[in-house]
Structure formats: structure tokens, C-alpha cells
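Chain residues, written in single-letter form:
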Amino acid sequence: MRAISPISRDSLYRALAEVVGEEDITADPIQLYSYSFDASAHHFVPDVVVRPESTEEVSRIVKLANELEVPVVPRGAATSLAGQATPILGGIVLDMVKMSRIKEVNLEDRYVVVEPGVVYDDLNAVLEPKGFVFPPAPASSRVCTLGGAVATNASGARAVKYGAVRDFVLGLEVVLPSGEIARFGGKCIKDSSGYQVARLFVGSEGTLGVITEITLRIVPKPKYAVTCAAAFASLEDAGKAVAAIMASGITPAALDLMDRYTLAAVRKAVAPELPEADALLIMEADGEPEIAKREIEEMARIAREHGAISLECSDDPKERERLWKARKSVLPVLSRYSETTVSVPLIDDLSVPPSKVPATIRAIEEASAKYGVDIGTYGHIGDGNLHCKVLIDVEDPDQWNRAFMAAYEIYRAVVKLGGLLSGEHGVGISKAPFALLQYGKPEIEAMRALKEALDPVGIMNPGKFPERIPKHFVFRLRYPYRGEGWV
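Residues numbered from 1 in each chain as written. Predicted model: local features only at pLDDT ≥ 70, side-chain atom pairs only at ≥ 80, totals over all residues. Heavy atoms only, no water.

Details of the overall build of the protein
So, point 1. A tally of helices and strands in the protein yields 16 helices and 18 strands.
So, point 2. Here the C-alpha atoms of the protein give a radius of gyration of 22 Å, agreeing with the 23 Å that 2.2 N^0.38 yields for 487 residues.
So, point 3. Buried residues in the protein amount to 56% of all 487 residues.
So, point 4. Nonlocal contacts in the protein, meaning residues at least 24 apart in sequence, comprise 72% of its contacts between residues at least 6 apart.
So, point 5. For the protein, the accessible surface area stands at approximately 19,700 Å², while carbon and sulfur atoms represent 51% of it.
So, point 6. One way to put it: in the protein the 55 positive side-chain charges average out to a point 2 Å from where the 66 negative ones average out. (Helix = DSSP H or I, 4+ residues; strand = E, 2+ residues; numbered from the N terminus. Rg over C-alpha atoms; globule rule 2.2 N^0.38 Å. Buried < 20%, exposed > 50% of the residue type's maximum accessible area, 1.4 Å probe, protein only. Contact = heavy atoms within 4.5 Å. Areas by Shrake-Rupley, 256 points an atom, 1.4 Å probe, with all protein chains shown as cover. Lys, Arg positive; Asp, Glu negative; His and termini not counted. Charge placed at Lys NZ, Arg CZ, Asp CG, Glu CD.)

Written out as C-alpha cells, the structure is:
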């Protein structure tokens, strides 16, 4: 990939302006800076930002970029926590904000067709009055876009019962790196007609093409829901309660965790009424009222049996919303835990079998103690998806190094327990240094072969997993730390 000279940058700007118009392109340094980072700790400035309005415009932009060997980085709401939306090698950031139409809602066949810039909650605001819902429910649902959710295979609290975004994707329209427009899948619930290429693009993090239209399966909205918050004096006790609930035969609608660090931050910032405890387990059941009530009663019984020190249950929508608002506030408020530390998504979203949750929690606590790094743990514990954020002084290189060593040790323990690097946030830049803990050479080479077959020039989100990432790019953060490279 060639560096873009000032002269060629001007030529690129003019060529792109012919596609989208002057009002939808910018190379203003201040605006470029605002596009240089996402919700991760990584920071790379693009050469130009373009806002297309149609698949045809995306096709022309990508074709031009392929001919000129210019990087293209698709971008939704930039809520990505692993650096996926940051342009490592500069080039074009493709802001999909203007492609935000809900094109079709078909209740009879239970699907919707949307553009990638549609905000998650905006789709459900249209569906819920009709008695339907798109259920994966990422915590950033108020702002995240469906294109980004598909590109990272996002999920959330309700994935334990309903699954992740991949489980709802019926079809995709994609602009390939050549600029050609392709359609994979369709509008049918079942599809056995050849390679499931649509699902290959789910979780591809913008490295294989640009998603321009999405067909999603939708489901009826549950008739009833009840939520219960159980406080524990021990994080490991909460983990044991989760393992017991999942072994009981119940499938919770949600089963989320907050540890003492996240509870303290949320109490301080938005919800002072939350209990002072080492862990808070938020349990939910939904469906037919009689069944849901029996399920939540059984989950509450199991929680008490495993050491719950308090329980608060409600089927009142406002009370349930209050509990979930507290849980969803963890990420934005965790940096309020201390005046001297900042929450950094270095470890992020571990994925382990639910039975291994207690052992994973022990591994996190042991690494935290060994390296003297506070680690906030929370997440969708019912499906084994634990989120970790290190709390460090970001101006202190020693704390960065200790945090990195703790992260390595935790990821190594997770893989030994049969787990994976990511449950819903993806690999991006942040987890690339740990990839060889999960994958061997054959797996890495197979993924690289797919990437090279679809994107031989290498324009799509270059420098991200599974490519070889230059050593000096791996941890080029907004803070002074520099990490080691990988393969």
C-alpha cells in the first residue's frame, strides 16, 4: 500500500468530490482528527472522509480506491472497542451515516431490509409498536449502527437466549474491493444454496468489503418480562450461580454481571441506590407470563443458594429500565472509579463456556493481583462473555506494561479453558497481539487466503487482523505506551 503524497491527495479529493459532491467530503484537519479514533485507545488520522448516500456511490468510491491502491475504512458510529474503525494507513474513511433508510418491514415473512447507517434502537422503535423486535441488544444500542453491528457480529445481554447478530442475518448486499456490487443470501429463513458467504462478511470488520444493505430476521416481541438483581459478597460466588443457572435447564432472556469496580463507578456516577457488593447479577426471563415467572423464581432460588446477599425483582417496565440503564452505563462511567485512573479496553470481551466462568474470574483476579492492576469485570455472563477494562494511569508507561502482561496472562488462561479472544467486539488492533494464543499457522493462513482472494490489492481496512500488523502500529495509542508487534 503506497503512501499518499500531498499531490495525489489533492487529486484523490477532486475525484471523490465528483462522486459525492463537495458537501459530503472533507479533508479539513479538525474534522479528520475527529475521525481518527473510535471507542478504543487507538488513533490514526485519515487523508479524507467521504459520506456516500447510495450503493452506487460506494461502488464508485471503492473502485477508484482499488485502482489507486488507497486504503478504505468503513465507519458506522465508531463505537468499536478494538480499533476497527481507525485508519491505520490513512486513506479514505467511508462514513456510512447518510445510508440510514429502513427500506422494508415485512411482518408476514418476518424480515426487515435496512441500510448500514440505521441506528439499532431506531429500528426497534419502528418494530416494537408492530409487536416485533430485533433482539441481540448491544449495550451501545442507542448509537451503534446496524452496519457496524454486522461487521463485528455484535450481540449483547439477550444473546444468551436469542443469539448474536450473525444468527439474524438473512442476506447482504456488499461492495467488493473491486467495486463490484454483490448480493449474498436473501429473504428466506432457510438457505442451503451454496457457500454461506453472507455469514462470512458478518464479523469481517470491514476487511473484505463494504456492507451496503442488510436483510435481518425479526421475532415477535415477548409478551412479558421480569428482571431480578442479585447482589453477592464474592465475584466467584456470582460466577458459580451463573454456572448453576445455565445447568438448570433454564434459558434466561439475559444474565449480566457487574463487579465491585463497575458497581462503585456506576453508584458514583448515575445510580447511587445500587447495593455495595462484590458483584451484582442481573437476571431476566421473558415470554409467556406464567413460564417467565417460574423461571425467574428458579433463578432467584439458585442465586440465594450460591450466596446472594440481597435480591430485587420487578416486572414494572420503569424499574426494569432503571436496572438496565445502570448496567449499560458501565462503559462510559468506569473511568469515574478513581481520580487517577482511566478505563482502557485492552482485555475487553473474553468468551468462555459458561461452566468455565468461575475459573475465568479466578484467572482475572489472579492476574490483577500479580501485576498490581485494577481490572473491572462485567458483561453478558450467561453466555460466557466477560468484559474486562484495565484501570490505569495512562501517562505511566510502567502501568501500560503491567496491564499488557496481565492481559496476556488472562487471554492465555481463557484459551486454555476452551475460550476465545472475543465474544462480540471483534479482534481489530487490540487483540491482534494475542491472536496466536488462539490460532495456529494453518488457521491464520486460511483466513489470510480468504482476505487476499477477495482483496488482492489490500485496500479494505488494511493492517487489521488477520493481516500481518507492522510492529510500530500495533499499539500506536492516544497515550504514550508502545507495545510489541506480532507475527
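With respect to the layout of surface pockets
So, point 1. Taken as a whole, the second largest pocket holds about 650 Å³ of empty space.
So, point 2. Contributing to the lining of the second largest pocket are 27 residues, with Arg166, Gly203, Tyr439, Met447 and Phe465 lying nearest its centre.
So, point 3. For the lining of the second largest pocket, the secondary-structure elements that each account for two or more residues are helix H7 (197–201) and helix H16 (441–454).
So, point 4. In terms of residue count, the dominant contributor to the lining of the second largest pocket is H16 (three residues).
So, point 5. In the lining of the second largest pocket, the residues fall into 11 nonpolar, 11 polar and five charged. (1 Å grid on protein atoms, 1.4 Å probe; cavity = no way out; pocket = protein on both sides within 12 Å on 5 of 7 lines; lining within 4 Å. Points joined across faces, edges and corners; volume = space filled by probe spheres on them. Nonpolar A, V, L, I, M, F, W, Y, C, P; charged D, E, K, R; others polar.)

Overview of the nonpolar core
So, point 1. Of all hydrophobic cores here, the largest spans 56 residues; its most connected members are Phe232, Leu281, Met283, Ile347, Ile381 and Val390.
So, point 2. Considering every element that reaches this core, the biggest residue donor is helix H14 (residues 397–416), with eight residues.
So, point 3. With residues near it in sequence (within four places) discarded, Met283 still touches Val226, Thr227, Cys228, Ala230, Ile245, Ala254, Leu255, Ile296, Met299, Ala300, Ala303 and Leu311. (Core = buried A, V, L, I, M, F, W, Y, C linked by side-chain atoms within 4.5 Å.)

With respect to the confidence of the model for the protein
So, point 1. Here the protein averages 92 in pLDDT, while 95% of its residues score no lower than 70.
So, point 2. When the criterion is pLDDT under 50, residues 470–487 qualifies, and its contacts beyond four places in sequence or with other chains add up to 58 contacts. (pLDDT = per-residue confidence, 0-100.)

A few points about the sheet that holds strand E5 (residues 102–106)
So, point 1. With respect to topology, five strands assemble into an open sheet ordered E5-E6-E10-E8-E9, the strand pairing being antiparallel. Among the strands making up the open sheet, the edge pair consists of E5 and strand E9 (181–185). Sheet twist, expressed as the average angle between the axes of neighbouring strands with direction ignored, equals 10°.
So, point 2. Against the sheet, helix H3 (residues 55–68) touches strand E8 (169–175), E9 and strand E10 (210–217), its axis set at about 50° to E8.
So, point 3. Across the sheet, helix H4 (residues 120–127) is in contact with E5, strand E6 (111–114) and E10; its angle to E5 comes to roughly 40°. (Pairing = 2+ DSSP bridges. Axes fitted to C-alpha atoms, helices over the stretch in contact; angles between N-to-C directions.)

What to know about the sheet that holds strand E4 (residues 92–95)
Hydrogen bonds between backbone groups are what pair the strands of a sheet, and the pairing can be parallel or antiparallel.
So, point 1. Taken together, the four strands give an open sheet; going across it, the order is E1-E2-E4-E3, and neighbouring strands pair in mixed fashion. Since the sheet does not close on itself, it has two edges, and those belong to strand E1 (25–26) and strand E3 (72–75), each with one partner.
So, point 2. With three bridges connecting them, strand E2 (residues 48–50) and E4 associate as parallel partners. Note that in E4 the partner of Val48 across the bridge is Ile92.
So, point 3. Most of the contacts of H3 go to E4, to which it runs at about 170°, and overall it touches E2, E3 and E4.

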